[in-house]
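# Remarks on the overall topology
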Amino acid sequence: MDSGGPAQAGRDTRIPGAGYLLVVLLIAFSIFGDGFATLPNILNVGVQSSVLLLLALPMTLIIMTEGLDLSMGAVLSLAGVVLATLLMNGNSLAAAVAAAAGVGLAFGIANGLLVVTLGVPPFVATLGTLGIAQGLALVATGGQSVVGIGDALPALYESRPLGLPFSIAMAAVACLMFGFVVRHTKLGSYVSALGGNREALVLAGVHVNLVHIGVYAGGGLMSGLAALLLTGRINAGHPTAAIGLEFDAIAAVIVGGTSFERGDGTLAGTLIGVLTIGVLKNGLNDLSVSSSLQVASIGVLVIAALVIDRAVAAGRTAGSRA
Amino acid sequence: MRGISKAFPGVRALDEVSLTVDAGTVHVLLGQNGAGKSTLMRILCGAHHPDAGAILIDGRPVRLHSPADARRLGVAVIFQEFSLVPYLNLAQNIFLGRELSGRIPGTIDRRKMHAEARRLLDGLGLDADTRTPAHELGIAQQQVVEIAKALSQNARILVMDEPTAALSDREIARLFERVRALKRDGVGIVYISHRLQEIFEIGDRITVLRDGKNVGSFAVEHLENPENPANLENLIRLMVGRQVTAAYRERFCEAPGETLLEVRDLRTGTGVRAAALDVKAGEIVGLAGLVGAGRSELARAIFGADRVVSGTVRMTGAPLRRGPTGAVRAGVALVPENRKTEGLALMRSVQDNVLTAGLRTLFPTGWYRAARAARAVADVISRLRIATPSPARLVRFLSGGNQQKVVVGKWLTAGSRFFIFDEPTRGIDVGAKAELYGVIGGLVADGAAVLMISSELPEVVAVCDRAYVMRDKTIVGELSRTELTEENILRMAMHHG
């Protein structure tokens, strides 16, 4: 293109469309909802959102590489079943969590190998591992919940590090760790480059395949760790406990302004996306809206966020050209 | 590099090619597209592995298993295809894969990276913020970042593959200053370019490749001397392997026909203002100016691809309806600068591409008829002499010149009469250029009109019947055939001329 004007935009300061929606929702629910704007309820939104956030963070990175992980919900369910079963059989909490994380990591690496090494499209590869993980979880439990998991996990789940509910604390730690890695290590650049210009990364002498597999492995690992929170919350392992959660994670990432193309995305946006979905669900519950309608509302949210993003982007372009 | 050979399935890309680069010199690598220049350079940077031959650095044979190996040995490459990551900022792009370490192990020092990037970009005269994501820059600015990226490696061997293809003259001058400084520092430079005049300016030695073979290697001195065996005519002859008789148009338009396109007082959403121009049947009209003068923006607005704020665009007297649909139906065709992304569907066949714009014209009833489609495509292929084994060949596998012809062919089936060419010869070799000028000449001979945007002044002078010159997003003057010289264009295109 023949456009050589100086680029005036400095740091990328885009606010995802969901940012505006979140503010609108917060105000609306505070006015119309009973007891929405109370500290316990706000903490409740955080607790409800924490599992989703643990999945949405790695999902952001995977989507930035122009990939996808549909297996997260199923892997989370399977890891939860493994965790609960080991606890039920009297194993230590540490061993059970390590096993759950290991199951997640194994599936993540398998996804990475399928996508990167064998060149299977991410949609297909992770749809396959979704089926495998879900099937294993059902076979292992005969479709029943695994109950009687002892006291160690509930005790941990009820603990309040720094005065925060455990799940919020864990989600916060995950946020900080992902943020640090993306912002202050090479991996942040590499993830964007995987989606934006893989060839450039190859020519820069980076071990591209390793980084790419690592992104999927991270998704699996986080799914395994999220089992700790989900199992703690329902006090049992259930083979379909997290079914479909990957779609909420994808929705949160999209709502957060990450695009499926060219390595464009931010973790901060995803955090906003997760919170928007959490607030929406909580507020609608508060207003006694049926859960089926809540599902529809997330669909509306995704579309609304994208429409706002487009409008803002169009405004920016017009503004910078004028 | 000694006796390098490389074969790809079905093609012998390189056949015993040797190349010696001395420290502190610029070695120019000449050759048509497909001559093997890029393959040779990809071997030098470790991206391809040679089937035979050896690479010696400082006289010692080295084995390059990966780009990382090459980089460690001091080889840096400015690639022709942009190797920038769109959503990383300029500092991240410049140091991609070589991030500067911070104090905590495993972290990066962002502040230092931005400072270093700033210094490098200043040296090349680019004042864009280093925190700008790369995709917000124009092509010329991206090219500058690309150069900064290679310079940042402090390489001992620097490969520049068409570094000036997207640059304006001022930026080229800056680049050459840097190149001379690098020479003084003892860096050995391999320089690939299609612009012959650049060779004289910075080259020390020339090697010509043709069909994967080394066909000659000369010192650059006295090239203009006709007695010299390596004079310009000879170089071109070596590159193309046949005598180029007339690279440029022989006959200009004596008596133009009716006015096809008429633009009055056009103001666009992209900042072009007060633009007025006419193009008559049978004319090739140049649109000259420096990079950033607003030429592409004006062209896109005429085509309806950018928003028109005020003013009129008329085609054979009738105002164009808004949007590209209206323009195309009125017979306007755009051959865009980025043919690979804006002009073609690379993964589709020649036939599919040629038919995209003409479906409406060819099949007015809306029913596709295979026989008529095949006839129309065969007609275009023979008329434009597109070198393709069959209409079913994927466009991706054609050479740059032939891809460009497919874009033109697409508009022929649509029955277009007014063609806008945006930098039509960028990145295509000398032989293909001559052929493309022939194609453009053929269009106007058949009564079409052409508006040609070009940054190559000799091209504008040699091909156009007259030219408009743009500066600061407006048309600042018009040059008739007799006034049309490189000096006159530059005087108008630059400030305070």
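None of the values given here were measured: they were computed from a predicted structure.

Calculation rules
Residues numbered from 1 in each chain as written. Chains lettered and ligands numbered in written order. Predicted model: local features only at pLDDT ≥ 70, side-chain atom pairs only at ≥ 80, totals over all residues. Helix = DSSP H or I, 4+ residues; strand = E, 2+ residues; numbered from the N terminus. Buried ≥ 20, exposed ≤ 12 C-beta atoms within 10 Å, placed from the backbone. Contact = placed C-beta atoms within 7 Å. Nonpolar A, V, L, I, M, F, W, Y, C, P; charged D, E, K, R; others polar. Pairing = 2+ DSSP bridges. Axes fitted to C-alpha atoms, helices over the stretch in contact; angles between N-to-C directions. Expected span 1.5 Å × (residues − 1). Arc of directions from axis to C-beta. Core = buried A, V, L, I, M, F, W, Y, C linked by C-beta atoms within 7 Å. pLDDT = per-residue confidence, 0-100.

What chain B contains, in helices and strands, is 18 helices and 20 strands. Put simply, chain B has 497 residues, and 48% of those count as buried. Looking at chain B alone, contacts between residues at least 24 apart form 68% of all its contacts between residues at least 6 apart.

Across its full length, chain A holds 13 helices and zero strands. Its helices and strands in sequence order give chain A the pattern α-α-α-α-α-α-α-α-α-α-α-α-α, from N to C terminus. Among the 322 residues that make up chain A, the fraction classed as buried is 50%.

Another point: the interface of chain A and chain B. The interface of chain A with chain B comprises 32 residues on the first partner and 41 residues on the second. Counting only elements with at least two residues in the side of chain A that touches chain B, the list comes to α8 (186–196), α9 (198–203) and α13 (291–321) of chain A. Here the residues of the side of chain A that touches chain B are counted per class, giving 12 nonpolar, 12 polar and eight charged.

Residue and element names in this part refer to chain B. The pairing of strand β4 (residues 52–57) with strand β5 (residues 60–62) spans three bridges and is classified as antiparallel. Within the sheet, the bridge partner assigned to I57 lies in β5 and is R60. Here β4 hands over to β5 after two residues, with D58 in that stretch at a positive phi of 55°.

All names here are of chain B. One open sheet accounts for four strands, arranged β12-β11-β14-β15; its pairing is antiparallel. Strands with a single pairing partner mark the edges of an open sheet, and in this sheet they are β12 (275–280) and β15 (318–319). Of the strand pairs in this sheet, strand β11 (residues 259–268) and β12 are connected by five bridges, and their pairing is antiparallel. In the sheet register, V263 faces β12, and the bridge partner there is L277. Here helix α9 (residues 295–303) sits on the sheet and contacts β11, β12 and β14 (308–315); the angle it forms with β11, its principal contact strand, is near 115°.

Looking now at helix α16 (residues 430–445) of chain B. Residue and element names in this part refer to chain B. Across its 16 residues, α16 extends 22 Å between first and last C-alpha, which sits within 8% of the 22 Å expected from 1.5 Å per residue. For α16, the complete set of buried residues consists of V430, A432, K433, L436, Y437, V439, I440, L443 and V444. Within α16, the buried residues cover an arc of 165° as seen down the axis, which keeps them to one side. The first or second residue beyond α16 is G447, which carries a positive phi of 95°.

Further remarks concern the nonpolar core. In this structure, L52, L55, A56, L83, A100, A226 and A249 of chain A are the most contacted members of the largest nonpolar core, which totals 164 residues. Looking at which element gives the most residues to this core, the answer is helix α2 (residues 39–64) of chain A, with 13 residues. Once residues lying within four places of it in the same chain are set aside, the contact partners of A56 of chain A are A249, A252, V253, T270, G273 and V274 of chain A. Core analysis: the next-biggest nonpolar cluster, separate from the first, contains 82 residues, V263, L298, V408 and F421 of chain B among them.

The next thing to look at is the sheet that holds strand β9 (residues 205–210) of chain B. Residue and element names in this part refer to chain B. The strand order across the open sheet formed by six strands is β6-β7-β8-β3-β9-β10, and the pairing between neighbours is mixed. Strands with a single pairing partner mark the edges of an open sheet, and in this sheet they are β6 (75–78) and β10 (213–219). Averaged over all pairs of adjacent strands, the angle between their axes in this sheet comes to 20°, without regard to strand direction. Judged from the four bridges that link them, β6 and strand β7 (residues 157–161) form a sheet pairing that is parallel. Bridge assignment links I78 to a residue of β7, and that residue is M160. Contacts between helix α1 (residues 37–44) and the sheet are confined to β3 (26–30), β6, β7, β8 (188–192) and β9, with β7 contributing the most and set at about 150° to the helix. The strands touched by helix α6 (residues 169–184) within the sheet are β3, β7 and β8, with β8 carrying the most contacts at an inclination of about 145°.

Another aspect to go through is the pairing of β14 of chain B. All names here are of chain B. One ladder, built from six bridges, connects β11 with β14; its direction is antiparallel. Along β14, the bridge assignment pairs E262 with R314. For β14 and β15, the ladder comprises two bridges, and the chain directions are antiparallel. Its bridge partner lying in β15, M315 is registered against A318.

Quick look at the confidence of the model for chain B now. Of all residues in chain B, 89% have pLDDT values of 70 or greater, and the mean over the chain is 83. A low-confidence stretch, residues 242–247 of chain B (pLDDT under 50), is modelled with six contacts involving residues beyond four sequence positions or located in other chains.

Before going further, it helps to examine unusual backbone geometry. All names here are of chain B. A positive phi angle, near 45°, is found at A274, a position not held by glycine. By the secondary structure assignment, A274 is in the loop between β11 and β12. Residue A274 is classed as partly exposed on the basis of its C-beta count, with 13 C-beta atoms lying within 10 Å. A positive phi angle is found at K473, which is not glycine, with a value near 65°. Residue position: K473 is located in the loop between β19 (466–471) and β20 (474–479).

Next up on the list: the environment of M470 of chain B. Residue and element names in this part refer to chain B. Examined against the element boundaries, M470 turns out to sit in strand β19. Judged by local crowding, M470 falls into the buried class, with 26 C-beta atoms found within 10 Å. Placed 198 residues apart in sequence, M470 and V272 show a C-alpha to C-alpha distance of 9.8 Å. Apart from the residues lying within four places of it in its own chain, the contact partners of M470 are L287, G289, A293, G294, R295, L298, I475 and V476.

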